[in-house]
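What follows is the residue order along each chain.
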Amino acid sequence: MTQRHDQRTAWLMLLPALTIVLGAIGYPLVRTLYLSFTDARLTAFNVTPAWIWFQNYVAALTNPSFQASAVRTAYFVIVNIGLELILGLLVALLLNQAFKGRAFIRALLIVPMALPTVVNAIMWRWIYNPEFGALNALLTQLHLLNEYRSYLGDPDIAMNMIILADVWKNYPIVALVALSALQLIPLELYEASSLDGASVWHQFWKITLPSIIPALTVVIVLRTIEAVKVFDIIYVMTRGGPADSTRTLSFEVYQEAFSKLQAGSGAAYAYIVVLISAVLIALYIVLLRRQEKIS
Amino acid sequence: MKHQGFTMSTATLRPKQKKRVSLKARQTRALNAFLIYGAVALFVIATLAPVVWLFISSVSSNSDLTDLPLRWLPNKLDLSRYAALLQPGGAGAEFLAAMRNSLVITLGATFLSIMVAIPAAYSFSRSKGIRGNLLYAVLATYMVPPVALVLPLYSLLSALHLLNTTFGLALVYCTILTPFTTWLLKTNFDAVPLEIEESAQIDGLNRWAVLYRIVIPLALPGLSTAVVWAILLGWDEFFYALIFTSNVNAKTLPIAIADFAAGRAVDYGLICAAGALAAVPPLIIGFLLQKGLMSGLTSGSVKG
């Protein structure tokens, strides 16, 4: 009796949250799926759109602009996450060493993390400014650069410059997770292997890395999910330019739906992004469940 | 290393050799310290320089900012941008309205989300029948790309006449904050020992009373973590705000700053000042609640 009563209370407690999740996420997700099979336009919500099956998807996947955006997004994600992993690991190893003022220095990782994405974007845009930017000034004053050049205005390097700005803001997440995993490694493991005459390099590969890989994997998958969605930093820094060189998938969806007002094909674009994300989200959850079981 | 083996075997040379080894060890240690402090210095510069430059630019006059070659410190302190942004009228009107909207929307969405996340997280944490797949489904919704929800949410808000309102945007932000805070709180409630609750239940308290009188007071640090993360996420949101707001009625700070930066007559100092002001609240919160920030970060990845 009390068991059943408890069960009812448990569901009652879930009700408000489930209402939000189903109403504001579940319903829109299904509705977008429906729209993606229609020729709906954003300006004509009262008109019942025609059902056109997979035409939007076929159009999207055969559209060279969409394909190029997919390739650009893949480039952004791979380079970005690769750099975040390497930098995060290096900084975590550094901040795990003994040195004066360590607690304070570690806390500095919060600065890029807490800085709003848009503020990060305008800050780097100003640093990259071709006429008055600090980067040009620094490089020429160090004699590394002969004359001022353009960064975000150059289609060849604009994407790399955005990646640099994004990595600066987001690698601390990887570093902090790696650092807290490093602190959980028992010191005895190192002492024992030192007695066996193992080199520092050997210890890194045999003790350090295996101990932090589970935590690193999870945070890297999480960061990948975020990177696939990238929109705001690009919107503020280049708006997808120059010459579309920084147009990513989210940008493609945004323009299709809200500039061209093609709700139907915009929804199909969005669902392709959802499918890519779904694979990563599933991977994330599998990894998380595995960790839960271990602990 | 090889040296050491040699000294071990020749006992007579031991004291002298030992001294030499310790000198060498000291040298290695000094070199290590040098490398570590060098790397730390590099880290500090790379982390702080961009932010310091943002601040310096915000207090430099336009002539100092556009002077070539660039001098790194301005001739005189120019606080006119801060004055302009914090005074009603002109750029200040837009900025202050955006600051107000950001505060209302972020705090409103945080409050709403925490209110519904507390019972949900407790339920997930304690009820074996419900735990499991549903929890992970809720977590997954937090990661769904906003582009997949934005079109139906747009028509929904439009039908409810909530487009370009702070309330409408706060509701939309709950789609991000509710699943996330539910997950964070659930891991925190898991850490509250069951025995205390059981004895309270024997004393006749029902589930709700147990939650509010016993579990929440014990999980307060976790609650503050969830609040901090919700505020940071809400303050940072851009995509929904860009699409669902159109003027001072509901435009948030990120959108106002993006607008400043996109204007034709660009005042770099003004943009930097707006950015610096927008960065102050999350930076203060981040530093004050460092520990909470960390545990929030790791609970999704490291089980500590």
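Residues numbered from 1 in each chain as written. Chains lettered and ligands numbered in written order. Predicted model: local features only at pLDDT ≥ 70, side-chain atom pairs only at ≥ 80, totals over all residues.

(A) Geometry of the overall build of chain A. In terms of regular secondary structure, chain A is built from 13 helices and 0 strands. If you list the helices and strands of chain A from N to C, you get α-α-α-α-α-α-α-α-α-α-α-α-α. A compact globule built from 295 residues should have a C-alpha radius of gyration of about 19 Å, whereas chain A, at 24 Å, is more than 25% larger. For the C-alpha atoms alone, the extent of chain A along its principal axes is close to 80 × 75 × 30 Å. A total of 295 residues make up chain A; the buried ones form 44% of that total. Taking the contacts inside chain A whose residues are at least 6 apart along the sequence as the reference set, 70% of them involve residues at least 24 apart. (Helix = DSSP H or I, 4+ residues; strand = E, 2+ residues; numbered from the N terminus. Rg over C-alpha atoms; globule rule 2.2 N^0.38 Å. Buried ≥ 20, exposed ≤ 12 C-beta atoms within 10 Å, placed from the backbone. Contact = placed C-beta atoms within 7 Å.)

(B) Region of interest: the packing of helix α6 (residues 117–127) of chain A against helix α13 (residues 253–262) of chain B. At their nearest, the axes of α6 of chain A and α13 of chain B sit 9 Å apart, and the two run at 20 degrees to each other. By the angle class used here, α6 of chain A and α13 of chain B are roughly parallel. Regarding α6 of chain A and α13 of chain B, the two cross each other, and that crossing is left-handed. Contact residues: α6 of chain A offers Val118, Val119, Ile122 and Arg125 of chain A, while α13 of chain B offers Pro254, Ile257, Ala258 and Ala261 of chain B. In terms of residue class, the contact of α6 of chain A with α13 of chain B is made up of 7 nonpolar, no polar and 1 charged. (Axes fitted to C-alpha atoms, helices over the stretch in contact; angles between N-to-C directions. Parallel < 35°, antiparallel > 145°, perpendicular 65-115°, else oblique. Left-handed = near helix turned anticlockwise from the far one by under 90°. Nonpolar A, V, L, I, M, F, W, Y, C, P; charged D, E, K, R; others polar.)

(C) Broad picture of the confidence of the model for chain B. Residues and elements named next belong to chain B. Chain-level statistics for chain B give a pLDDT mean of 84 and a share of 88% at 70 or above. When mean pLDDT is taken per element in chain B, helix α12 (residues 239–244) scores highest with 94 and helix α1 (residues 2–9) scores lowest with 39. Residue range residues 1–14 is modelled with pLDDT below 50. Its contacts to residues more than four positions away, or to other chains, number 6 contacts. Two numbers describe this predicted complex: its pTM, 0.88, and its ipTM, 0.90. (pLDDT = per-residue confidence, 0-100.)

(D) Structural detail: the interface of chain A and chain B. The interface is formed by 78 residues belonging to chain A together with 77 residues belonging to chain B. With 18 residues, the top contributor of residues to the side of chain A that touches chain B is helix α1 (residues 2–35) of chain A. Among the residues making up the side of chain A that touches chain B, the classes are represented as 60 nonpolar, 12 polar and 6 charged.

(E) Structural context of the packing of helix α3 (residues 64–95) of chain A against helix α10 (residues 200–228) of chain A. Residues and elements named next belong to chain A. One can describe the packing of α3 onto α10 by two numbers: an axis separation of 10 Å at closest approach and a directional angle of 145 degrees. In this structure, α3 crosses over α10, and the sense of that crossing is right-handed. Across the interface between the two elements, Thr73, Phe76, Val77, Asn80, Ile81, Glu84 and Leu85 from α3 touch Ile220, Arg223, Thr224, Ala227 and Val228 from α10. Of the residues assigned to the contact of α3 with α10, the class counts are 7 nonpolar, 3 polar and 2 charged.

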